[in-house]
Amino acid sequence: MSFFDFNDAEQQQGFDLIPHGTLARVRLTIKPGGYDDPSQGWTGGWATQSFETGSVYLACEGVVLEGPYARRKVWWNIGLYSPKGPAWGNMGRAFIRALLNSARGVHPTDNSPQAQAARRISGFGDLDGLTFAARIDIEKDGRGMDKNTIKTVIEPDHKDYAAIMGLPPKVGGYTGGGQSGAPAAVAAPSYPPAAAHVTPARPAASTAPVSKPAWAQ
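Notes on the structure follow. In this text the structure is predicted, and so the values were computed from the model without any measurement. Numbering of residues starts from 1 in every chain and runs along the sequence as written. Only residues with pLDDT of 70 or above have their local features reported here, since the model is predicted, and side-chain atom pairs are shown and tallied only from 80 upward, although totals for entire chains, interfaces and linings are computed over all residues. With hydrogens and water set aside, each side-chain value is computed from the structure's full complement of heavy atoms.

Description of the overall build of the chain
Phase 1 of the analysis: The numbering of helices and of strands both runs from the N terminus, where a helix is a DSSP run of H or I of at least 4 residues and a strand a run of E of at least 2. When helices and strands are counted, the chain shows 3 helices and 7 strands.
Phase 2 of the analysis: Counting helices and strands in the order they occur from the N terminus, the chain gives β-β-β-β-β-α-α-β-β-α.
Phase 3 of the analysis: Restricting the contact set of the chain to residue pairs at least 6 apart, pairs at least 24 apart contribute 56%. Here, two residues are considered to be in contact whenever any of their heavy atoms come within 4.5 Å of each other.

Right under this line is the structure:
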């Protein structure tokens, strides 16, 4: 078909903002900025440095995967370093921890060796392509205009986590407050255990997958 026949082109999408507080399953893409700091382990050019402030961050793009806002995109930054102090970087670390919990089905209060291994990555490239549950909010951009952003990750202790991720709810329901446990559907983790950090439970442990995380025993 000729390029100039636009009958098969997709229809234009609306540009109204996604409503504040919308919960959605999102796929993360990191836009490489070319900044490295080997002393921090930041290699591969994934990070971005602001020429104006000197701050370092991950430039993130999220694509909504289902629902009325499917295929809509949201942009935000995950802070890594600010010359003003550690607060922004600490917020970024908290966000990445929650992101890993959400994507890998780890309860936020689980500190078992398996859960700790799931919260370790070899580099920022491990985050690229992760699918997680998020709350989409609205904030002002640098020009004072409203824009969508993601500041909150929905973790497995949230009552809506299973529904957002398309998983069966945990038997008995959720109680909230970080005490609900992970949904039954994530009892068999989707992430590979990090052999360098996980001590086998038995001397003759094989490579067979673990049937349940520690919190579900």
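Now that the structure is up, let's keep going.
Considerations on the environment of alanine 133
Phase 1 of the analysis: Here alanine 133 shows up in strand E6 (residues 131-140).
Phase 2 of the analysis: Along the backbone, alanine 133 and methionine 165 are 32 residues apart, and their C-alpha atoms lie at a distance of 6.5 Å.
Phase 3 of the analysis: With sequence-adjacent residues up to four places away left out, alanine 133 is seen in contact with Ala24, Ser102, Val153, Ile154, Tyr161, Ile164 and Met165.

Observations concerning the pattern of salt bridges
Phase 1 of the analysis: We count a salt bridge whenever a side-chain nitrogen from Lys or Arg sits within 4 Å of a carboxyl oxygen from Asp or Glu. Per the counting criterion, the structure on display carries 9 salt bridges.
Phase 2 of the analysis: One salt bridge in this structure joins lysine 140 and aspartate 146, with 2.9 Å as the shortest N-O distance.
Phase 3 of the analysis: For aspartate 146, a relative accessible area of 40% gives the class partly exposed. Using a 1.4 Å probe on the protein chains alone, a residue whose accessible area is under 20% of its type maximum counts as buried, one over 50% counts as exposed, and one in between counts as partly exposed.

Examining the packing of aromatic side chains
Phase 1 of the analysis: Working definition: a ring pair exists when centres of Phe, Tyr or Trp rings (six-membered ring for Trp) sit within 6.5 Å. Plane angles under 30 degrees give stacked, over 60 give edge-to-face, the rest tilted. For the coordinates displayed, the defined rule picks out 6 aromatic pairs.
Phase 2 of the analysis: With 5.4 Å between their ring centres and 90 degrees between their planes, phenylalanine 3 and phenylalanine 4 make a pair best called edge-to-face. With respect to burial, phenylalanine 3 and phenylalanine 4 carry one shared label: exposed.
Phase 3 of the analysis: Taken together, the ring pairs in this structure connect Phe3, Phe4 and Phe6 into an aromatic cluster.

So, the environment of tryptophan 76
Phase 1 of the analysis: Looking at where tryptophan 76 falls in the secondary structure, it is placed in strand E5 (residues 73-81).
Phase 2 of the analysis: Under the relative-accessibility criterion, tryptophan 76 is labelled buried at 4%.
Phase 3 of the analysis: Each residue touching tryptophan 76, except ones within four places of it in the same chain, is listed here: Leu28, Leu58, Ala59, Cys60, Glu61, Gly62, Phe95, Phe132, Thr149 and Ile150.

Quick word on a nonpolar patch on the surface
Phase 1 of the analysis: Residues with no salt bridge and a relative accessible area higher than 30% make up the patches, which join like charges within 9 Å and nonpolar side chains (Val, Leu, Ile, Met, Phe, Trp, Tyr) within 5 Å. For accessible areas, the Shrake-Rupley method is used with a probe of radius 1.4 Å. Any residue's cover is judged against the shown protein chains and nothing else. The grouping of Phe3, Phe4 and Phe6 at the surface amounts to a nonpolar patch, some 440 Å² of accessible area in total.
Phase 2 of the analysis: Summarising the element assignment, phenylalanine 3 is placed in the segment before strand E1 (22-31).
Phase 3 of the analysis: Judged by relative accessible area, which is 64%, phenylalanine 3 ranks as exposed.

A short note on the nonpolar core
Phase 1 of the analysis: The term nonpolar core refers to a set of buried residues drawn from Ala, Val, Leu, Ile, Met, Phe, Trp, Tyr and Cys, joined through side-chain atoms within 4.5 Å. Residues Leu28, Leu58, Trp76, Leu127, Phe132 and Ile150 are the most contacted members of the largest nonpolar core, which totals 29 residues.
Phase 2 of the analysis: Of all elements in the fold, only E1, strand E3 (42-49), strand E4 (56-64), E5, helix H1 (87-104), E6 and strand E7 (146-154) reach the threshold of two or more residues within this core.
Phase 3 of the analysis: Sort the elements by how many residues they give to this core and H1 lands first, with 6 residues.

With respect to the side chain of glutamate 155
Phase 1 of the analysis: Mapped onto the fold, glutamate 155 is located in the loop between E7 and helix H3 (161-165).
Phase 2 of the analysis: Sequence-distant contacts of glutamate 155, defined by excluding residues within four places in its chain, comprise Ala98, Asn101, Pro108 and Tyr161.

Let's talk about H1
Phase 1 of the analysis: Taking 1.5 Å of rise per residue, 18 residues should cover 26 Å, and H1 covers 26 Å from first to last C-alpha, within 8% of that figure.
Phase 2 of the analysis: Looking only at H1, the buried set comprises Gly89, Gly92, Phe95, Ile96, Ala98, Leu99, Leu100, Asn101, Ser102, Ala103 and Arg104.
Phase 3 of the analysis: Positive backbone phi, at 70 degrees, marks glycine 105, one or two positions downstream of H1. Multiplying 1.5 Å by the helix residue count minus one yields the expected span of that helix.

Describing the pairing of E4
Phase 1 of the analysis: Judged by how many residues are buried, E4 sits mostly within the fold: 9 of 9 residues are covered.
Phase 2 of the analysis: On E4, burial covers both faces: Val56, Leu58, Cys60, Gly62 and Val64 on one face and Tyr57, Ala59, Glu61 and Val63 on the other are all buried.
Phase 3 of the analysis: Here, strands pair whenever DSSP counts at least two bridges between them. For E1 and E4, the ladder comprises 6 bridges, and the chain directions are antiparallel. Each residue of the ladder has a partner; that of isoleucine 30, found in E4, is cysteine 60.
Phase 4 of the analysis: Sheet topology places E3 next to E4; 2 bridges connect them, and they run antiparallel. Directly across from threonine 48, in E4, lies its bridge partner tyrosine 57.
Phase 5 of the analysis: Examined bridge by bridge, E4 and E5 share 8 bridges and lie antiparallel to one another. Within the sheet, the bridge partner assigned to glycine 62 lies in E5 and is valine 74.

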